[in-house]
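Below, each chain spelled out in residue letters.
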Amino acid sequence: HIMSTCPECVFEGNSVVDSAQVGITIHGTHKSLVSNNIIWDARGVGIYTEDGNEMDNVIKQNVVICSWWEYCSVNWQANIGLVAGIFLIGMTNDVIENHVAG
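A brief report on the enclosed structure follows. (Residues numbered from 1 in each chain as written. Predicted model: local features only at pLDDT ≥ 70, side-chain atom pairs only at ≥ 80, totals over all residues. Heavy atoms only, no water.)

Things to note about the layout of surface pockets
The calculated volume of the largest pocket comes to roughly 220 Å³. Counting only elements with at least two residues in the lining of the largest pocket, the list comes to β2 (10-12), β4 (24-26) and β6 (33-35). A total of three residues in the lining of the largest pocket trace back to one element, the largest contributor, which is β4. Looking at the lining of the largest pocket residue by residue, the classes come out as eight nonpolar, five polar and no charged. (1 Å grid on protein atoms, 1.4 Å probe; cavity = no way out; pocket = protein on both sides within 12 Å on 5 of 7 lines; lining within 4 Å. Points joined across faces, edges and corners; volume = space filled by probe spheres on them. Helix = DSSP H or I, 4+ residues; strand = E, 2+ residues; numbered from the N terminus. Nonpolar A, V, L, I, M, F, W, Y, C, P; charged D, E, K, R; others polar.)

Comments concerning the state of the cysteines
Note: disulfide means a covalent bond formed between the sulfur atoms of two cysteine side chains. Considering all chains together, one arrives at two disulfides under this definition. Note on cysteine connectivity: Cys6 is disulfide-linked to Cys9, with sulfurs 1.9 Å apart. Its S-S torsion of about 75° marks the bond between Cys6 and Cys9 as right-handed, since a negative value means left-handed. No difference in accessibility class separates Cys6 from Cys9, as the two residues are buried. What pairs with Cys66 in a disulfide is Cys72, and their sulfur atoms sit 2.1 Å apart. The sign of the S-S torsion, about 115°, decides the handedness of the disulfide formed by Cys66 and Cys72: right-handed. As far as burial versus exposure is concerned, Cys66 and Cys72 are alike and both buried. When the bonded cysteines of the chain are counted from the start of the sequence, the pairing works out to 1-2, 3-4. (Disulfide = S-S within 2.5 Å. Buried < 20%, exposed > 50% of the residue type's maximum accessible area, 1.4 Å probe, protein only.)

Structure follows, in structure tokens:
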């Protein structure tokens, strides 16, 4: 969380199940790796960049699954029923070979 430039920051090979909010958040961190994770039934968003200033992160080969859209749906960011597998603010991250279902 807010690690600035951190190429040694790696979140890899984890499972996030039934999270009460976002599955994985990248916040204020640059050049990190988020890879080979499974997110199951995260509320709202599976993988999220928070501020839009997060740069040069690699988000690859993750799986985000929502078993039922109403289960994962939340009132978030002033939107009712918002659901997203991967929600990025900003355009300077690499998103490679991820899978989203549900």
